[in-house]
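Take a look at the letters that make up each chain.
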Amino acid sequence: MQFSEFSEICGQLEKISGRLDTIDMIASHLPGLDDEELPIFIRFLMGRIFPDWSQDKIGIGPNLVFESVAYVAGNDRSKVVREINKQGDVGTAVENILSKKEQTSFFSENPDLRDVYSDFAYLSSIEGNRSQKEKLKVIRKLFANAGGAEGKYLSRLILGELRIGIGEGNIRDAIAKAFDVPTESVEHAYQAANDLGEIAVIAKKGVDELRAVRISLFRPVKMMLAKQGTIAEMVEEQGAIAAEYKYDGTRFQFHKSGDKCRIYSRKLEEVTTAIPDIVDILVKTTGHDVILDGEVIAVDGNGNPMPFQHVLKRFRRKHDIASHIENIRLVPNIFDILYLDGETLIDKPFEERRKILVENVSLHVAPQIVSDDIITIEAFYREALDAGHEGIMIKSLKSAYTPGQRVRQWIKIKPSVDTIDLAVVGAEWGEGKRAHLFGSFILACQDESGRLLRISKVATGFSDEALAGVYDLLKDTEISESGKVVSFEPEVVFEVGYAEIQKSTNYEAGYALRFPRFIRFRDDKGIDEIETISSIEDRFRAQSEKIR
Ligand code: ATP
């Protein structure tokens, strides 16, 4: 498939609003693609380039895109930036600029999906001193071969934000439809393989092949997540349940095969070299080949838990790791096992996985109680809080491990604080002594297909150190500036507290936060994990019921 045809399909999909029509249209294109194009097409449609488990990144920021577009259009960079400021969207601005170029130059190549993908793969492999120059060369070539529409989607793909509203659910259903296999089998295989591109190729072969898909070592799977609820509800529904401390740290997934081991963060980034102390501890917990799931916490000299930010600092660290190991001591708490010596365990009920965990891993297994008595579990909850943990997790004993799903089989119980995770999409410059930093931030939630909707601004709750830290994180993601307002590629997630959610016409989401205040960065979370509009509606409804 030519990249120009792919761009046309994106344009058509952008205009369709119904879910079923979207799925039909995607499904109609899948059978015609060969085994090499199919995974690329699927990932590109979701705005992704590499499999979800992969560590490859093309590492191109807005600046390189602007420079390349300016170069091939024969403009200077400031003209490109002016167009972006005018449009408020990089894709549309690039489309306008490159469609003017189309009339004056001839294209020698019309790249297909494979060509574009192999340029992306090459970009991800470029390292070292000459890397910026070499990357610029590749990006210029890509834009030189692009007309307006191709430029629009190419720039968005490069910046990691295709914005045509195609989520995993659409793709899963389209694969099932195109190859006439059950949606559940596609979903199940996807949870284990963590790449819908590859799953499409397997689905083409048939349902038996899909059912045979298993977890593989060193391909991290998405983390299972929890919902909110109450102890009473869970006991009523399930009878006996498991309860564990809810550790306020950072999630990890540990893979070990013989002497080789790797550790991944919640965003599935490999962090083995950042936390060698944790790797050392985990290696000693078992002689088996395993995939373990758990939470790392930071502890003080007395072994008491320290705030979450200390752990994140360690996960982020690239240099000077040894001295930070001394300053911040980390401890793992293992609470699940997904794989043991060649066998995938995710379909087994939790009580069986727990038994396997305890039998095969000797240290650092998170303590657990099993009870059907509300009073016993409440006492365990108070004990968790007294020991300085965030609360407890209660888990259904019968439940499978469902990667990437936020399900009622895991319920988090913690003191009620109304906080919400939102993407930072813009900022305004500060004033007075903070004039060189951003002072207030524009925040967005997402709709079901991942489109971002503005919902609030936040300007309070920041220490000077936090503001300087946010500035460092955001400055490289700037895409445009108009007046005092700067827009960013959404990459940074804030956890924000609020007093109330109100209906509002001031923001695209239709809601606004009353008294928003910054709580902390959530750089363990990706943009796809921010609050959805439907859960904001749930929060709004629950709040109105409380008032009544
Ligand atoms: P929160 O914002 O409340 O920390 P979250 O959005 O990060 O939650 P949730 O799914 O709501 O994620 O809560 C589950 C998280 O709690 C897990 O991702 C994990 O990091 C953490 N956690 C701590 N202790 C446990 C435990 N014993 N079992 C499972 N998860 C745990």
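Residues numbered from 1 in each chain as written. Predicted model: local features only at pLDDT ≥ 70, side-chain atom pairs only at ≥ 80, totals over all residues. Heavy atoms only, no water.

- The name given to the chain in an unreviewed UniProt entry is DNA ligase, with the source organism recorded as Methanolacinia petrolearia.
- Recorded in UniProt for the chain, the comment headed Cofactor (unreviewed entry) runs: "Mg(2+)".
- As its UniProt record puts it under Catalytic activity (unreviewed entry), the chain is described as follows: "ATP + (deoxyribonucleotide)n-3'-hydroxyl + 5'-phospho-(deoxyribonucleotide)m = (deoxyribonucleotide)n+m + AMP + diphosphate." (UniProt positions renumbered as here; feature names shortened; annotations may be inferred.)

**Some remarks on the overall build of the chain**
Next, step 1: Regarding its fold elements, the chain presents 21 helices and 19 strands.
Next, step 2: The globule rule puts the C-alpha radius of gyration for 548 residues at 24 Å, and the 24 Å found for the chain is close to it.
Next, step 3: Taking the principal axes of its C-alpha atoms as reference, the chain extends roughly 75 × 65 × 55 Å.
Next, step 4: Relative to its full complement of 548 residues, the chain shows a buried share of 53%.
Next, step 5: Working note: accessible area of the chain is about 24,400 Å², and carbon and sulfur atoms make up 48% of it.
Next, step 6: Across the chain, 72 positive and 88 negative side-chain charges occur, with their mean positions spaced 3 Å apart. (Helix = DSSP H or I, 4+ residues; strand = E, 2+ residues; numbered from the N terminus. Rg over C-alpha atoms; globule rule 2.2 N^0.38 Å. Buried < 20%, exposed > 50% of the residue type's maximum accessible area, 1.4 Å probe, protein only. Areas by Shrake-Rupley, 256 points an atom, 1.4 Å probe, with all protein chains shown as cover. Lys, Arg positive; Asp, Glu negative; His and termini not counted. Charge placed at Lys NZ, Arg CZ, Asp CG, Glu CD.)

**Description of the packing of helix α1 (residues 3-15) against helix α3 (residues 37-45)**
Next, step 1: Direction vectors running N to C along α1 and α3 enclose 40 degrees, while the axes themselves pass 11 Å from each other. It follows from the interaxial angle that α1 and α3 lie oblique. Considering how the two elements wind past one another, α1 and α3 form a crossing that is right-handed. Side by side, α1 and α3 meet where F3, F6, I9, C10 and L13 of the first sit next to F41, F44 and L45 of the second.
Next, step 2: Class assignment for the residues of the contact of α1 with α3 results in eight nonpolar, no polar and no charged. (Axes fitted to C-alpha atoms, helices over the stretch in contact; angles between N-to-C directions. Parallel < 35°, antiparallel > 145°, perpendicular 65-115°, else oblique. Left-handed = near helix turned anticlockwise from the far one by under 90°. Contact = heavy atoms within 4.5 Å. Nonpolar A, V, L, I, M, F, W, Y, C, P; charged D, E, K, R; others polar.)

**Let's talk about the site of the ligand**
Next, step 1: Taken together, 19 residues form the shell around the ligand, and within it R251, E295, K412, K414 and K525 come nearest.
Next, step 2: Between the ligand and Y247 there is a distance of 3.0 Å, counted from a nitrogen atom to a backbone nitrogen or oxygen.
Next, step 3: Of all the secondary structure elements, the ones that give two or more residues to the shell around the ligand are β1 (225-228), β2 (241-246), β9 (391-395) and β10 (406-413).
Next, step 4: Among the residues forming the shell around the ligand, the class breakdown is seven nonpolar, no polar and twelve charged. (Near = heavy atom within 4 Å. Polar contact = N/O pair within 3.5 Å; in protein donor to acceptor, adjacent residues only side chain to side chain.)

**Points about the packing of aromatic side chains**
To describe a pair of aromatic rings, you give the distance between the ring centres and the angle between the ring planes.
Next, step 1: The final tally for this structure, using the stated rule, is 21 aromatic pairs.
Next, step 2: Between the aromatic rings of F441 and F494, the centroid separation amounts to 5.3 Å while the plane-to-plane angle is 70 degrees, which identifies the pairing as edge-to-face. With F441 in strand β12 (residues 438-446) and F494 in strand β16 (residues 493-497), the pair connects residues that are 53 residues apart, well separated along the chain. A single burial state applies to F441 and to F494, both of which are buried.
Next, step 3: Cluster of aromatic residues (ring-pair linked, three or more members): F3, F6, F41, F44 and F120.
Next, step 4: Cation over ring: R140 sits above Y71, and NZ or CZ is 3.6 Å from the ring centre. (Phe/Tyr/Trp six-rings, centres within 6.5 Å; stacked < 30°, edge-to-face > 60°. Lys NZ or Arg CZ within 6 Å of the ring centre and 35° of its normal.)

**A closer look at the domain arrangement of the chain**
Next, step 1: The assigned domain composition of the chain is domain 1 (234-413) and domain 2 (419-546).
Next, step 2: Taken together, the contacts link nine residues of domain 1 with eight residues of domain 2.
Next, step 3: Summed over both sides, the interface between domain 1 and domain 2 buries roughly 900 Å², with carbon and sulfur atoms accounting for 41% of that surface.
Next, step 4: It is R266, K267 and F308 in domain 1 that bury the most area against domain 2; as a group they hold 54% of the surface buried on that side.
Next, step 5: Applying the counting rule to domain 1 against domain 2 returns two salt bridges.
Next, step 6: We note a salt bridge from R520 to D248, for which the minimum N-O separation is 3.7 Å.
Next, step 7: Our count for the domain 1 to domain 2 interface comes out at two residue pairs in polar contact (both at pLDDT 80 or more).
Next, step 8: It is helix α16 (residues 308-316) that provides the largest number of residues to the side of domain 1 that touches domain 2, a total of four residues.
Next, step 9: Classifying every residue of the side of domain 1 that touches domain 2 by side-chain character gives two nonpolar, two polar and five charged. (Domains from an automatic or database assignment. Buried area = accessible area lost by both parts, 1.4 Å probe. Salt bridge = Lys/Arg side-chain N within 4 Å of Asp/Glu carboxyl O.)

**Here's the deal with the sheet that holds β1**
Next, step 1: Overall, mixed pairing links the five strands, which are arranged β1-β10-β9-β2-β8 in an open sheet. Edge positions in the open sheet fall to β1 and β8 (368-371), since each of these has one partner strand only. Strand-to-strand, the axes of this sheet are offset by a mean angle of 40 degrees, without reference to chain direction.
Next, step 2: The sheet contact formed by β2 and β9 spans five bridges and is antiparallel. Within the sheet, the bridge partner assigned to A243 lies in β9 and is I394. (Pairing = 2+ DSSP bridges.)

**Quick look at the sheet that holds strand β4 (residues 260-265)**
Next, step 1: On the basis of which strands lie adjacent, the open sheet formed by five strands has the order β4-β3-β5-β6-β7 and antiparallel pairing. Each end of this open sheet is capped by a strand with a single partner; those strands are β4 and β7 (343-344).
Next, step 2: Across ten bridges, strand β5 (residues 290-299) lies against strand β6 (residues 329-340) in antiparallel orientation. Residue A298 lies in a different strand from β6, and its bridge partner there is L330.
Next, step 3: Packed onto the sheet, helix α15 (residues 276-283) meets β3 (250-257), β4, β5 and β6 and runs at close to 50 degrees relative to β6.
Next, step 4: Sheet strands in contact with helix α18 (residues 350-360) are β5 and β6, and its direction is about 120 degrees off that of β6.

**Description of the confidence of the model for the chain**
Next, step 1: Looking at the chain as a whole, its pLDDT mean stands at 91, while 98% of the residues score no less than 70.
Next, step 2: Within the chain, the element-level pLDDT minimum falls on helix α17 (residues 321-327), averaging 70, and the maximum on α18, averaging 98.
Next, step 3: Predicted complex metrics record ipTM = 0.95 and pTM = 0.86. (pLDDT = per-residue confidence, 0-100.)

**Some thoughts on the side chain of Q543**
Next, step 1: Inspection of the secondary structure puts Q543 in helix α21 (residues 533-547).
Next, step 2: Setting aside residues no more than four positions away along its own chain, Q543 makes contact with Y498, E500 and I501.

**Section: the pairing of β4**
Next, step 1: In the sheet, β3 pairs with β4 via six bridges, with the strands oriented antiparallel. Note on β4: the bridge partner recorded for F254 is I263.
Next, step 2: Remark: two residues form the turn of the hairpin made by β3 and β4, two consecutive strands paired antiparallel; G258 in that turn has positive phi of roughly 60 degrees.

**Here's the deal with unusual backbone geometry**
Next, step 1: Of note, the phi angle at R163 is positive, near 55 degrees, even though the residue is not glycine.
Next, step 2: Its place among the elements puts R163 in the loop between α9 (148-158) and α10 (168-179).
Next, step 3: Note on R163: relative accessible area 36%, which makes it partly exposed.
Next, step 4: For F218, which is not glycine, the phi torsion reads 65 degrees and is therefore positive.

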